[in-house]
Amino acid sequence: MRYPEGGGLTAERRAFREGIRLKAGERFAAGEKTAVIAKDLRVSVRSVERWRRAWRESGMEALRSAGPANSPTVTDSQFAVLEDELGKGPSAHGFEDERWTLARVQTVIRRRLRVSLSVATVWRLLKLHGWSWQAPARRALERDERAVELWKKEVWPRVKASRRPMVAGSSSRTRPGSP
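Every value quoted in this text rests on a predicted model; they were computed, and no experiment measured them.

### Some remarks on helix H2 (residues 34–41)
Inference 1: Looking at H2, one finds that the buried residues are Thr34, Ile37, Ala38 and Leu41. On an axial view of H2, the arc spanned by its buried residues comes to 100 degrees, and they lie on one face.
Inference 2: Packing partners of the buried residues in H2 comprise helix H1 (11–29) and helix H3 (45–58).
Inference 3: Positive backbone phi, at 60 degrees, marks Arg42, one or two positions downstream of H2.

Okay, structure coming up:
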């Protein structure tokens, strides 16, 4: 199933799922067996068991939708703080090299903003604010374009060609002619 941009269930989908749970609740009241309900409603036995437990404890109300799940959000002012922190670089946050990964950004968000986000949510947040996975727009100050071109022309062809040539052979452990 595909969810709309931003993830989560639409109101229509939530209502549909609630309807299935309520049908199951009516069948619980009629004394029907879990496996039969699961088969007829085309859901897993485990889901029906979970719904039955909730129904026993709190009745039909327990089967109603609780509404959309609230995912933690980062406000614009918090994101501005995050951008400042990211601008300091990974080493300022205790990481051993200068690579930002989603897991590292997630850690900075948790430490600095006190918000727990999944890695997928971190990616969506960064993407929403115009960040991407791409390499930095600036080139290193130390980069020597002539040395790069020389390497491409002279070294790369040798490195690329250094593979063993492909020859016909056998993938078995035995050699032809051995006992």
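Additional details are given in the paragraphs that follow.
### Quick look at the packing of aromatic side chains
Inference 1: The final tally for this structure, using the stated rule, is 3 aromatic pairs.
Inference 2: Plain terms: the ring middles of Phe28 and Trp55 are 5.4 Å apart, the flat faces sit at 55 degrees to each other, and that makes the pair tilted. Of this pair, Phe28 sits in helix H1 while Trp55 sits in helix H3; the two residues are 27 residues apart in sequence, bridging distant segments of the chain.
Inference 3: The buried category is assigned to Phe28, whose relative accessible area is 3%.
Inference 4: Judged by relative accessible area, which is 22%, Trp55 ranks as partly exposed.

### A short note on the environment of Thr121
Inference 1: Mapped onto the fold, Thr121 is located in helix H6 (residues 119–128).
Inference 2: You can call Thr121 partly exposed: its relative accessible area is 22%.
Inference 3: Once the C-alpha coordinates of Thr121 and Leu102 are considered, the two residues, 19 residues apart in sequence, prove to be 9.6 Å apart.

### Describing a nonpolar patch on the surface
Inference 1: Together, Trp151, Trp156 and Val159 give the surface a local cluster of nonpolar side chains, amounting to about 310 Å² of exposed area.
Inference 2: Here Val159 lies in helix H7 (residues 145–160).
Inference 3: The partly exposed category is assigned to Val159, whose relative accessible area is 43%.

### Brief notes about the confidence of the model for the protein
Inference 1: A residue-level look at the protein finds 80% of positions with pLDDT of 70 or above and a mean pLDDT of 84.
Inference 2: This stretch, residues 1–7, has a pLDDT under 50; its non-local contacts, to residues over four places away or in other chains, come to 8 contacts.

### Thoughts on the packing of H1 against H3
For any two helices packed against each other, the geometry is given by the interaxial angle and the distance between the axes.
Inference 1: Remark: H1 packs on H3, axes separated minimally by 10 Å, with the N-to-C direction vectors making an angle of 65 degrees. Relative to H3, H1 is oriented roughly perpendicular. For the pair H1 and H3, the crossing hand works out as right-handed. Contacts between H1 and H3 involve Ile20, Arg21, Ala24, Gly25, Phe28 and Ala29 from the former and Val48, Trp51, Arg52 and Trp55 from the latter.
Inference 2: Broken down by class, the residue content of the contact of H1 with H3 amounts to 7 nonpolar, 1 polar and 2 charged.

### Thoughts on the nonpolar core
Most often, soluble globular proteins keep nonpolar side chains buried together rather than apart.
Inference 1: Residues Leu82, Ile109, Leu117 and Leu125 are the most contacted members of the largest nonpolar core, which totals 14 residues.
Inference 2: Elements with a contribution of two residues or more to this core: helix H4 (76–87), helix H5 (102–113) and H6.
Inference 3: For this core, the element with the most residues is H5, which contributes 4 residues.
Inference 4: One finds Ile20, Phe28, Val48 and Trp51 within the second-largest nonpolar core, a separate group that totals 10 residues.

What counts and what doesn't
Residues numbered from 1 in each chain as written. Predicted model: local features only at pLDDT ≥ 70, side-chain atom pairs only at ≥ 80, totals over all residues. Heavy atoms only, no water. Buried < 20%, exposed > 50% of the residue type's maximum accessible area, 1.4 Å probe, protein only. Helix = DSSP H or I, 4+ residues; strand = E, 2+ residues; numbered from the N terminus. Arc of directions from axis to C-beta. Contact = heavy atoms within 4.5 Å. Phe/Tyr/Trp six-rings, centres within 6.5 Å; stacked < 30°, edge-to-face > 60°. Patch = residues over 30% accessible without salt bridge, like charges linked within 9 Å, V, L, I, M, F, W, Y side chains within 5 Å. Areas by Shrake-Rupley, 256 points an atom, 1.4 Å probe, with all protein chains shown as cover. Salt bridge = Lys/Arg side-chain N within 4 Å of Asp/Glu carboxyl O. pLDDT = per-residue confidence, 0-100. Axes fitted to C-alpha atoms, helices over the stretch in contact; angles between N-to-C directions. Parallel < 35°, antiparallel > 145°, perpendicular 65-115°, else oblique. Left-handed = near helix turned anticlockwise from the far one by under 90°. Nonpolar A, V, L, I, M, F, W, Y, C, P; charged D, E, K, R; others polar. Core = buried A, V, L, I, M, F, W, Y, C linked by side-chain atoms within 4.5 Å.

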